[in-house]
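Each chain, letter by letter, is given below.
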Amino acid sequence: MARGTLRIFLGAAPGVGMTFAMLQEAHQLLGSGRDVAVGIALDHGRVETRELMTGLEVITPRLVGPHGIGVQEVDVDAVLARHPQVAVVDEYAHTNAPGSRNRQRWQDIEELLGAGIDVLSTVSAQQLASLEDVVSAITEVPPKETVPDEIVRRADQIELVDISPELLRQRLSDGNIYPRDRVDAALANEFRLGNLFALREVALLWLADRVDEGLAKYRASQGITANWPARERVVVGLTGGPEGEVLIRRASRILSRVNGGDLLAVHVRLSDLKSRESPLALEAQRQLVTDLGGSYHTVSGDDAAETLLEFARSVNATQIVVGVSRGRLTSRLLGSGVGSKVVRGSGDIDVHMVSHPLGGRGLPRVTSGGLGRARTTAGFVLAVLIPVLATALMSLAPELNFATHVLVHLTGVMAVAFIGGLWPAVLAAILDSLLLNYFETDPVGTFSISDPQNLFALLVFLGAAIAVSLVVGLSARRAQEAARARAEAATLADLARDALIADDTIAAFLDKVRETFQVRSAGLFTRAADTGDGWDLQAHSGEAPPPPPGTEKSGADAYEMADPQTALVVSGRTLTAGERRLLTAHGAHVLLLRQRHALQLRLRNTTKLAEGNSIRTSILRAVSHDLRTPLAGIKLAVTALQRQKRRLPEEIQDEMLDTIDSYADRLDSLIGNLLDMSRISSGSTAPLTTPVTWRDAIEDALRGLPGGVIRIDLAPNMPAIDADLGMLERVIANIVENALKYAPGSDIVIVGPSSGSGAATINGRPCGELRIVDHGQGVPAADVIAMFQPFQRLDDAPEGLGIGLGLAVAKGFTEAMGGQLTAEPTPGGGLTIVIRLPLSAGPQLMSPKTRDADSSAP
């Protein structure tokens, strides 16, 4: 069965009309003859959106919650059973209520797509995981729900739903987005004009990146290599010298003249001794590029100009910035510098040759370890010219003896060897031997030799010339190997550096592999768990994954076995022997990366188990005394009543019953705190936050506590907060009970200011405060942190004052609700506990259903 298609309507902020546009598209599809059904669509109280539901078949959502009363979620089974051609499922990033079959709605949608059903959905740019920090910085409120970008990118179509910020604020003022009583607060906070402009730009840039990815995919599928200047991309070529900073800043200024563009700095690491890179300069330039909002890349190659051009074409660059050559005048006149080669091969990419203080100074180049084609050609030319010239010059001095002639010709052969290497030197030696034989040995003018000593001298001459040539060639090869080893070591050093300073994922590491080797794709394969013969793809980088090991389609595919069960595969071009060695090192690194991730996961699990064991050990210690004491008291009182009930006066019986009741309450409190602490330590605390008022929580929390010494002083206009009402009651009750225990005889005052916004914030979000004040002995500043730890009591008091869990539970519940619990000294003596919780978006109370619908409004 073919997989269904997913179409997502993307908006920058609530109220832009994502659900409206989705339902309009549903009506258009219905009118064209498609079978359309609505799995779930929320109107958020908007009349226009509700009217669009008319005429569409709606599959009744499931109610997830106790006794079928809770939150509406899409009924996946019902949609699959109905199997429409198109299903409308609102809020792609929505987190399903506990008890649902999937944790998030996009997982529900994946099931529908897998069944061949096309899906229409919506998502806000604020819900994209990669933009979470950006959105939080803009709105000062972190998004409540997020979805990984990779999941959204899988959509077959992403359509932007956009209106101007001014029109969006007008819609809000008209009451078309939020209820009237929330309009003023929204206009002053998340719907500020600057916020909307920033969110709109973020959404447009994110969608532009996706469009760019689609363009790159199309170019690759069609084999298009010509540059398409759809977006400004400036590539800076870095040599590793100090002039790189000048080039980066010039490129940044070029890019600043356009709106939206990419700055990419690339260092080409050569595999010979021509490279003059400085690690310190490159590190400073890497940091500068990052500060300017660009990206830094390192690639390897034998030709700096060609490798730079290949990189620029692979990223669809529009401009290249390179520095003026630091070579001598001859290289610039002959056009052999890197900049000149880049200009000649750039095609339709603009090239900027930037002057810098080191340009044209003719700095001495390090001698190349590899002879290269040019030197070898020059050696063969000199191998012919030098023997002829030497013979011509020596003929002008006929009085010189044969040994002098031999030394002069040997010097020429050595010069050819140093320039051209072995074979040019061998040619020069043979030619010199023939010329010496013909012009200098008797009989002159023939190639015969009458004197055996001359024959021996010529043989020694030929042997010495060849030996010198072999030594020169060997040293050249050794220098070339050393240069390649240095380049490989530098690449491996970068690899190790990145491993230390960045906690890379496997996908990010494969991106670096693809970039380093300039290949089309890179992938990580592991042996199939079921058969052990095949290979399973774990992750890949590039448009399409490379072929598994052993099934290479061409010489352009290569793989490296990290271990018998793991292979790193690259595809796209043939690797040299040196690059294969580097691939081996990368294979070892990816194995270590996987091992590190496994160890980190094991460490987290071990730490969690250790914390759980610590809690359990403390609980056992508490049970050994604090729980046995009330149990013993209850047992004693019950036994006395059973055996001597008729003989005991009525007042004694009442006293024993009061004792039983008191000990039972104490047991209930202790067990409740133990269970709460167990939930907190295991991480299973899941608050259901709703807008609540401080007053409601205080009234329920103080039931059963002595009210004579507790005074409530709340301002009449305290705003609502987002909290779990049950948890908040426990927090307040535990703090008040703790104050009653450790500040006996002191008045306990619960104080709430009139406004929580503007003063205190949590993660940039305004919050409300509640202060519980006592005038007891207080707590020393050094003991405040320990006071909130489990099983801590003031002065380790044993007189039936609990097991030291009250404040630990209160702190755990407060933080689970996204708040803070702190302590500060009370002026004049005593302790003040401060509870801070985020302010609600509106002062009115709402049911969970209404809350969920409103908080995720598209």
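Residues numbered from 1 in each chain as written. Predicted model: local features only at pLDDT ≥ 70, side-chain atom pairs only at ≥ 80, totals over all residues. Heavy atoms only, no water.

(A) Structural view of the overall build of the protein. On a plain count of helices and strands, the protein comes out with 26 helices and 25 strands. When burial is assessed residue by residue, the protein has 45% of its 858 residues classed as buried. Taking contacts inside the protein between residues at least 6 apart in sequence as the whole, the part at least 24 apart equals 71%. Accessible surface computed for the protein: about 42,400 Å², of which carbon and sulfur atoms make up 57%. (Helix = DSSP H or I, 4+ residues; strand = E, 2+ residues; numbered from the N terminus. Buried < 20%, exposed > 50% of the residue type's maximum accessible area, 1.4 Å probe, protein only. Contact = heavy atoms within 4.5 Å. Areas by Shrake-Rupley, 256 points an atom, 1.4 Å probe, with all protein chains shown as cover.)

(B) The arrangement of the environment of Ile-721 in detail. Mapping Ile-721 onto the fold places it in strand β20 (residues 721–723). Along the backbone, Ile-721 and Thr-693 are 28 residues apart, and their C-alpha atoms lie at a distance of 6.3 Å. Filtering out sequence-adjacent residues up to four positions away, Ile-721 remains in contact with Thr-690, Pro-691, Val-692, Trp-694, Leu-728, Gly-768, Leu-837, Pro-838, Leu-839 and Ser-840.

(C) Molecular detail of the sheet that holds strand β12 (residues 319–323). Judged by pairing direction, the sheet is parallel, and its 5 strands sit side by side in the order β11-β10-β9-β12-β13 without closing on themselves. Two strands lie at the open edges of the sheet, namely β11 (295–301) and β13 (350–354), each paired on one side alone. Going from strand to strand, the sheet's axes swing by 25° on average, the running direction of each strand aside. Relative to the sheet, helix α11 (residues 279–291) contacts β9 (233–238), β10 (262–270) and β11, its axis offset from that of β11 by approximately 135°. Packed onto the sheet, helix α12 (residues 304–314) meets β9, β10, β11 and β12 and runs at close to 150° relative to β10. (Pairing = 2+ DSSP bridges. Axes fitted to C-alpha atoms, helices over the stretch in contact; angles between N-to-C directions.)

(D) Quick look at α11. Over its 13 residues, α11 runs 18 Å from end to end, which matches the ideal 18 Å to within 8%, given 1.5 Å per residue. Residues Ala-281, Leu-282, Gln-285, Arg-286, Leu-288 and Val-289 constitute the buried set of α11. The arc that holds the buried residues of α11, viewed along the axis, is 165°, so those residues lie on one side. Away from its buried face, by an angle of more than 90 degrees, α11 presents the exposed residues Pro-279, Leu-280 and Asp-291. Looking at the residues trailing α11, positive phi occurs at Gly-293, about 85°. (Expected span 1.5 Å × (residues − 1). Arc of directions from axis to C-beta.)

(E) Up close: the nonpolar core. Core analysis: the biggest nonpolar cluster contains 62 residues, and Leu-6, Val-88, Tyr-92, Leu-112, Leu-120, Val-147 and Leu-168 have the highest contact counts within it. The contact partners of Tyr-92, leaving out residues within four places of it in the chain, are Leu-6, Ile-8, Arg-105, Trp-106, Ile-109, Glu-110, Ser-121, Thr-122, Val-123, Val-147, Ile-151 and Val-152. The next biggest cluster of nonpolar side chains, apart from the first, holds 38 residues, and it includes Val-731, Phe-788, Ala-810 and Ala-823. (Core = buried A, V, L, I, M, F, W, Y, C linked by side-chain atoms within 4.5 Å.)

(F) The arrangement of the packing of helix α16 (residues 402–420) against helix α17 (residues 422–439) in detail. Where α16 contacts α17, the two axes come as close as 7 Å, and the packing angle between them is 160°. What the angle tells us is that α16 and α17 run roughly antiparallel. Our pair here, α16 against α17, has a crossing hand that is right-handed. Of the residues in α17, those touching α16 at His-405, Val-406, His-409, Val-413, Val-416, Ala-417 and Gly-420 are Leu-422, Pro-424, Ala-425, Ala-428, Ala-429, Asp-432 and Leu-436. Of the residues contributing to the contact of α16 with α17, the split by class is 10 nonpolar, 3 polar and 1 charged. (Parallel < 35°, antiparallel > 145°, perpendicular 65-115°, else oblique. Left-handed = near helix turned anticlockwise from the far one by under 90°. Nonpolar A, V, L, I, M, F, W, Y, C, P; charged D, E, K, R; others polar.)

(G) Quick peek at the confidence of the model for the protein. For the protein, mean pLDDT is 75; residues scoring 70 or higher make up 74% of the total. Predicted confidence in the protein is weakest over helix α26 (residues 848–855), with a mean pLDDT of 40, and strongest over strand β6 (residues 86–89), with 93. For the stretch residues 843–858, pLDDT sits under 50, and the model shows 43 contacts to residues farther than four places along the chain or on other chains. (pLDDT = per-residue confidence, 0-100.)

(H) The pairing of strand β25 (residues 831–838), seen in detail. A large share of β25 lies buried, amounting to 8 of its 8 residues. Residues Leu-831, Ile-833, Ile-835 and Leu-837 of β25 are buried on one face, and the alternating residues Thr-832, Val-834, Arg-836 and Pro-838, pointing to the opposite face, are buried as well. Of the pairings in the sheet, the one linking strand β23 (residues 765–773) to β25 comprises 7 bridges and is antiparallel in character. The residue of β25 that forms the bridge with Leu-770 is Ile-835. Bridge analysis of strand β24 (residues 820–825) against β25 gives 6 bridges, and the strand direction is antiparallel. Pairing of Gln-820 across the sheet is with Arg-836, part of β25.

(I) Examining a nonpolar patch on the surface more closely. Residues Phe-380, Val-384, Val-388, Trp-423 and Leu-427 make up a contiguous nonpolar surface patch of roughly 470 Å² in combined accessible area. No other element matches helix α15 (residues 372–394), which puts 3 residues into the nonpolar patch. Mapped onto the fold, Val-388 is located in helix α15. Looking at Val-388, the relative accessible area reads 45%, which means it is partly exposed. (Patch = residues over 30% accessible without salt bridge, like charges linked within 9 Å, V, L, I, M, F, W, Y side chains within 5 Å. Salt bridge = Lys/Arg side-chain N within 4 Å of Asp/Glu carboxyl O.)

(J) Highlighting helix α19 (residues 506–517). Taking 1.5 Å per residue as the helical rise, α19 with its 12 residues ought to reach 16 Å, and the 17 Å between its terminal C-alpha atoms agrees with that figure. All of the buried residues in α19 are Ile-506, Phe-509, Leu-510, Val-513, Thr-516 and Phe-517. Around the axis of α19, the buried residues are gathered within 125° of arc, so they sit on the same side. Note on α19: the residue one or two positions beyond its end, Gln-518, has a positive phi of about 55°.

(K) Layout of a negative patch on the surface. A contiguous patch of negative charge on the surface is contributed by Glu-650, Glu-651, Asp-654, Glu-655, Asp-658, Asp-661, Asp-665 and Asp-668. Among the secondary structure elements, Asp-658 is positioned in helix α21 (residues 650–682). On the basis of relative accessible area, Asp-658 is assigned to the exposed category, the value being 53%. (Lys, Arg positive; Asp, Glu negative; His and termini not counted. Charge placed at Lys NZ, Arg CZ, Asp CG, Glu CD.)

(L) Local environment of the sheet that holds strand β16 (residues 557–563). The sheet built from 4 strands is open, its strands ordered β15-β14-β17-β16 with antiparallel pairing. Edge positions in the open sheet fall to β15 (535–541) and β16, since each of these has one partner strand only. Strand-to-strand twist across the sheet, computed as the mean angle between neighbouring axes with direction ignored, equals 25°. Pairing geometry for β16 and strand β17 (residues 566–571), over 6 bridges, is antiparallel. Bridge pairing in β17 places Asp-563 opposite Thr-566. Running over the sheet, α19 touches β14 (521–527), β15 and β17 and is turned about 130° from β14.

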